[in-house]
Each structure stands twice: as C-alpha cells, then as structure tokens.
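A look at the structure
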Amino acid sequence: MIQFLMYLSIFIGLFLAYFYLFIFLSKTKEEKPIFEEKKPPKVTIIIPAFNEEKGIATTIESALNIDYPKKKLEIIVVDDGSKDNTYKIALQYKNKGIKVFTKPNGGKGTALNLGISKAKGKIIVTMDADNTHVKPEALKQMVAYFSNPDVVCVAPVMAVYEPKGILQKIQQVEYLFGILLRKVFSNINAIHVTPGAFSAYKKSFFDKFGGFEENNLTEDLEMALRIQYNGYSIVNSTEAIIYTVTPNKFGVLLKQRRRWYGGLVKNLAKYNSLFSKRHGEMGVIILPAAVISVLFSLILTPYMLIKSILNLKDEFEYLQSINFQVFNSWEFSTTFIERYILTLVSDPKIFFLVIFFTSLALYMIFAKAKLKESLNIKLSLIFFILFYTTLFTLWWFISLIYIMLNRKISWR
Amino acid sequence: MNKTELELKEPEKRKPMNLERIAFALILASLTFVLGFMISYTVSYTQYKSIQDLQDNMKYDLLSVQIEKSLVGNSCTLFNPYRFSSEMSDMGFTIDLLEKRFGKNDEKVIEKKKIYSLLEVQHFLYINDYRKNCNKSMHTILFFYSNEENDIGQGELFGRILNYVKTTNKNVMIYSFDYNLDDPLINTLKKKYNIIQPNTILIDENVKLTSIKNSEEVSFYIDK
C-alpha cells in the first residue's frame, strides 16, 4: 500500500512538473507592461503595525526609499494598539510625509481596513511592518500591471532577507522555490496566496467587495481567494522583489505556519466552490494538487522517517558489532563502486530522484536569475533537502490537530 | 494609466482549460514513469543475464577442477583456494540485487538461487578438501539466512558481520543459503548439520551460532 502511494505521488509529481513546465513555456515571450511615467496612478502603502518597535523604522525607511513620484505616493502607518514604542517611532516619520493613525487593538484586518478608509490612492499596497525590504523599483513594476483592467492584485517576488541559521536557510530555498511556482500560477490566473508582506490591490475591488476580513487570521489569503472566486485576476510581477525577515526560532516559525495552514484550510473550506471546472486549471488541477500533496506528506513522510530511523538503528547496531572499525570493512575497489552504482540504477526511485533534483535545480536557476544577485545557496539547499519535508509535515500535523480540536490560533 | 483602467469592471470569462496541455503532461509523465521502470528493469535484466554467464563459467571451472583432481589426485600445489572467490561474491551480490528488484518469489530468481546454492556447496567441498588434505588454515562458514519478515533484520545484520569477518580475514570462506528455499540440497545440508532455525551460522562444520552480537564472537572461533 505504501509502495503504491509512493509511486502514485511520484506520478502526480511528474505530471505536475510537466504541466507547470508547459504553462511556464506558454508565456515566456509575453511583453511585460511598462510603467507610464507621465500618468502614474496614486498609490497608498498601508503598514499595519502591532508591537513592531524593532522593525517598524526599517520598514518605513524602505517604503520612503521606493522609487515612485512623491506626489502620487501616500504612506499610512496604522498602529493596531501596540503596547511598545511602535506608535512613537512611527510618529517620528510624520515630517517625512508619513500619515500615522492609532486605534485599539483589533487585528491586522481592522488596521488594514482603517488604512483603506483613509487612503486616497487608487491602488492600495499592503506592507508588513516586520522588517520588509522593498527594492526601490518594485512598486513601479507592480503598478504597471494594472494597465490590464482584469488585474485586481499584483504579487511580487518574495525572498528571504539575509538568511542566517538553519531555519532561515530552509525558508530561503522554500521562498526561492515559490518564485517560479508563482510565475507559473500567474500565467493561468491561479495565484491563490498573495504575500502579506507586500501586495498591491485595486482599491475599487475593496469598494465593491469589502475590505479585509477582520476576524480572519490569514486575511491576505482570504482576499486572494475572494478575488479568484469573483473571477478577477491576480498576476505576479517577477521584476518586483521584496525581502522579508523570516522567523529564526522554531517556536515562532511553528506559530506562523500554524496560522498560515490553519487559515488555508478554513479559507479553502469557505471558498470550496473554487474546486470546480468553472475556475479552470486552478480549480481542477492546482488546488486539488495542493491538497493531495499535503495528504501524501502526512502519510509518506512519517513512514519514511520511521524507516530512516530504523535503518540508522540497524547501521548503528552493525557499526557496534564491528567495534566501529569502519575502515576495515570498506573495500574501495572498482567492484565496490560498480556494485554501488548497479544497486542505485536498478532502483526506479533513484531515476525519479534525479528528475526531482533536476527540477529543483531549474527552480533555483530561475529564482537566481530573477533576483539578479549571486546567491550562495549550497548550504541552504542541503538543509532544505534534509529537513524541509519533515518540517512541512510536522507543521501540517500540528495545524490540523489545532483545527480538529478547534483550538484558537493567535497571531503571536 | 487612465482612471478608468483602475475602475472595477465585470471580469472577463476565464479561459477554458487547455486540455491539450493536460493531455501532453499526462502522456509525458506516463512515459517518464515507464522509462524509470524500464531503465531499472533493463539493468536488473542485464544482471540476470550476467549471472547466467557467471554460473555457466563457474560450472565449467568447478568441473575441470574435479576432473583435474581425479587425474592428478589431491595436489596441494595445484590448488588455489581463492580462485573462485570473486565469482562467488559477484554471484551473491547479483542474487541479492535480483531478489530485491524482482521479489523473492520470482521464478527466475529462485532458479538462479538454486544453481548458486549448488555451486556454493561444490566450492565448499572443494575448500574443505583443501583444508583437510593440505593442512591449510582455511575456514568455512555456512550461513542459513532467512528473508522472512520477522528474520530479515537479524539476517542482514549477521550477513554484514560475516562479510566484515571475511574482509578482515582472507582465509574465511562464507556460503550463504536461503533457509526457506525449497531445495533438496539445502534441505540435505540442514539435515546433515542439524540446522533447525533460520539465521544459523556454522563455523568449520562444528560450531553452531544462532545469535551473534559482534564480529569478535565469530573471530573467536576462527582464531581458536
């Protein structure tokens, strides 16, 4: 049964790899929209902040550095009842044209909605307050996409800001992986998650369909699904690059994932009609594939993990039995290498593993080309390959337990 | 960008699914999937073919040794105990590989395993003769392993320990037999040496071990 599931997951993985490749290739020569310098639309950047005294200054500085006609750019900071110095720090930027509001704590959605109600821009950009670094040219690149009347939201390229430590390095590869994936989804209007850190929306959509859900822990995700549900487009601007500081502690990361995955399950349940032919390839292939991949991870990863632990135990037992005289038992001859290669190539799983690594390499090459910088990701890739699947499954397990027990998931 | 572009219009109808793209992806995925299995099957089948040649050559060689022995008697100078070592080892490895790829109940594998067991016994007798008649310190280990689910872990560990012993002592010859293989020859061996449980190790035809924890336990009887 497990073997069957394993090969089934390999087959689905192969299908998706080809499917995504075809989608990617279908629009490689598409002309990118150009930002019209003469008639820039008014843009409002809203920075909701709750207890962000450590990162708010950097975020505001980054927003101020954005290359956009100053008269057409409005920056609003909404302090969501912080108990630290967030509000005071934000106020220091008032003389630089930043508008600062404060309100009793009510959640990110309420802060964003207050910002939207005060905004004068036709385009609303939501920006996370926790150390978000925006490349100066990013906003112009994103705004250019709104020349297409169907586009309601533009998502940028997300990358990890100066990753340090194992957890951030793993997330670095995960984010790089998402760069090509988001582009592929964008080509068929299947983006169903927009980054909360920095996404641009047409304000008229909020006017017609309402602002962010105030009791939703993944209000950005709900908004993306709402846009899709109403038949509008979300596109990805691969030229707009945003860096975000990701959690570097296991507990913080787990909490973030619990919120994300819990939010994904609840919001997908709410918009379950997206799983239909009416929503094209997104409804029939991409969303179901996302659900199936989680199910496969929940079944196969614990199995593989237990198997690996048992193998390690056997290996330890063997080494113990030969008093750890490893070098005496190694015969490095051509026969040894020949046998080792034969064992590998006679196992079909190895062939599929090679394909997997090739795809991973292609994803990374694309991401590196888009980020236009020399990234040294060798170590990050090793950590990713070793630990990501286990972490991903663990996060999902815990998130699902929380959902089943109906336990409250909080922001912090 | 004019203001009207930023006003919300009725969305355009979503493009219908590109069935051609889905079909192509499915076809290519199926082909790649089959290719993966074909490559591994071809490699395994090449191994199956190679073991046939190896067994044919060995049958011929062992027969010539037997005839040679009949002609000139037990000549210790003509005797080379290491002569078939690598062939035996190659065969053992290939049988193991085929068993993993085609399954232990595969007819082709069982047939090759039976011939392998026969050759092992023939070689075992050859080494025994050398040991006894030429008074050389050669050691033989018969290992009756089991592939059954409950025994396989222990069997693999014993096998690896014995391999280690062989690596560290070239005068040790190991012969592995599938305890559960329905083969008259193996049954005779089991009867002769009173082997009643799987994963039994028989050193120099008289020391029987059913449980070993480390290589030293085996080496102890060899160095005795």
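Residues numbered from 1 in each chain as written. Chains lettered and ligands numbered in written order. Predicted model: local features only at pLDDT ≥ 70, side-chain atom pairs only at ≥ 80, totals over all residues. Heavy atoms only, no water.

So, about the pattern of salt bridges. Tallied over the entire structure, the rule returns 21 salt bridges over all chains. Across the pair A:Glu315 and B:Arg160 runs a salt bridge, and its minimum N-O distance is 2.9 Å. You can see A:Glu315 sitting in helix H10 (residues 280-321) and its partner B:Arg160 sitting in helix H4 (residues 152-168), one on each of two chains. The class of A:Glu315 is partly exposed, set by a relative accessible area of 32%. Here B:Arg160 falls in the partly exposed class, since its relative accessible area comes to 31%. For the salt bridge of B:Asp178 with B:Lys113, the shortest nitrogen-to-oxygen distance reads 2.6 Å. (Salt bridge = Lys/Arg side-chain N within 4 Å of Asp/Glu carboxyl O. Helix = DSSP H or I, 4+ residues; strand = E, 2+ residues; numbered from the N terminus. Buried < 20%, exposed > 50% of the residue type's maximum accessible area, 1.4 Å probe, protein only.)

Moving on: the packing of aromatic side chains. Applying the stated criterion across every chain yields a total of 37 aromatic pairs over all chains. For the ring pair A:Phe19 and A:Tyr20, a centre distance of 6.1 Å and an interplane angle of 45 degrees mean the geometry is tilted. Each member of the pair, A:Phe19 as well as A:Tyr20, carries the same accessibility label: buried. Considering the side-chain rings of A:Phe352 and B:Phe33, the 5.5 Å spacing of their centres and the 20 degrees angle between planes classify their relative orientation as stacked. Of the two residues, A:Phe352 sits in helix H13 (residues 348-371) while B:Phe33 sits in helix H1 (residues 19-72), which places them in two different chains. Take A:Phe352: its relative accessible area is 7%, and that puts it in the buried class. Judged by its relative accessible area of 18%, B:Phe33 is buried. Among the aromatic side chains, those forming a connected cluster through ring pairs are A:Phe177, A:Tyr261, A:Tyr363, A:Phe384, A:Tyr388, A:Phe392, A:Trp395 and A:Trp396. Directly above the aromatic system of A:Trp395 lies the positively charged group of A:Arg257, at a separation of 4.5 Å from the ring centroid. (Phe/Tyr/Trp six-rings, centres within 6.5 Å; stacked < 30°, edge-to-face > 60°. Lys NZ or Arg CZ within 6 Å of the ring centre and 35° of its normal.)

Residues and elements named next belong to chain A. Judged by nonpolar contacts, the single largest core of 80 residues is most densely connected at Phe19, Tyr20, Ile227 and Leu371. Broken down by element, the residue count for this core peaks at 9 residues, all from helix H6 (residues 165-187). Shared between two domains, this core holds at least three residues of each, these being domain 1 (1-28 + 146-412) and domain 2 (42-134). The residues touching Tyr20, leaving out its near neighbours within four places in the chain, are Leu181, Val184, Phe185, Ile286 and Tyr363. Counting residues in each nonpolar core, the second largest holds 42 residues, with Ala63, Ala90, Tyr145 and Ile242 among its members. (Core = buried A, V, L, I, M, F, W, Y, C linked by side-chain atoms within 4.5 Å. Domains from an automatic or database assignment. Contact = heavy atoms within 4.5 Å.)

To continue, consider the pairing of strand S7 (residues 198-202) of chain A. Residue and element names in this part refer to chain A. Where burial is concerned, most of S7 is hidden: 5 out of the 5 residues are buried. Where burial is concerned, the two faces of S7 agree: the one with Phe198, Ala200 and Lys202 and the one with Ser199 and Tyr201 are both buried. Taken together, the 5 bridges between strand S4 (residues 123-127) and S7 define a ladder with antiparallel strand orientation. Bridged to Val125 within S7 is Ala200. Bridge count for strand S6 (residues 151-160) against S7 is 2 bridges, and the pairing is antiparallel. Counterpart to Cys153 in the pairing with S7 is Tyr201. (Pairing = 2+ DSSP bridges.)

What follows covers the sheet that holds strand S2 (residues 73-79) of chain A. All names here are of chain A. Across the sheet, which stays open at both edges, the 8 strands sit in the order S3-S2-S1-S4-S7-S6-S8-S5 with mixed pairing between neighbours. Pairing within the sheet leaves two strands with one partner each, and these edge strands are strand S3 (99-102) and strand S5 (132-134). Recorded for the sheet is a direction-independent mean angle of 30 degrees between the axes of neighbouring strands. Where S6 meets strand S8 (residues 233-244), 8 bridges bridge the pair, whose relative direction is parallel. Within S8, the residue paired with Val157 across the bridge is Ile241. The sheet strands contacting helix H2 (residues 56-64) are strand S1 (43-49), S2, S4 and S5, and the helix crosses S5 at an angle near 15 degrees. (Axes fitted to C-alpha atoms, helices over the stretch in contact; angles between N-to-C directions.)

Turning next to a nonpolar patch on the surface. Together, A:Phe336, A:Ile337, A:Tyr340, A:Ile341, A:Leu344 and A:Val345 line one region of the surface with nonpolar side chains, adding up to about 520 Å² of accessible area. Its place among the elements puts A:Tyr340 in helix H12 (residues 334-345). (Patch = residues over 30% accessible without salt bridge, like charges linked within 9 Å, V, L, I, M, F, W, Y side chains within 5 Å. Areas by Shrake-Rupley, 256 points an atom, 1.4 Å probe, with all protein chains shown as cover.)

A few words now on helix H2 (residues 85-102) of chain B. Residues and elements named next belong to chain B. Across its 18 residues, H2 extends 26 Å between first and last C-alpha, which sits within 8% of the 26 Å expected from 1.5 Å per residue. The set of residues buried in H2 consists of Ser85, Met88, Met91, Phe93, Thr94, Ile95, Leu97, Leu98, Glu99 and Phe102. Just past H2, the residue Gly103 takes up positive phi, approximately 95 degrees. (Expected span 1.5 Å × (residues − 1).)

None of this, on its own, says anything about what the molecule does.
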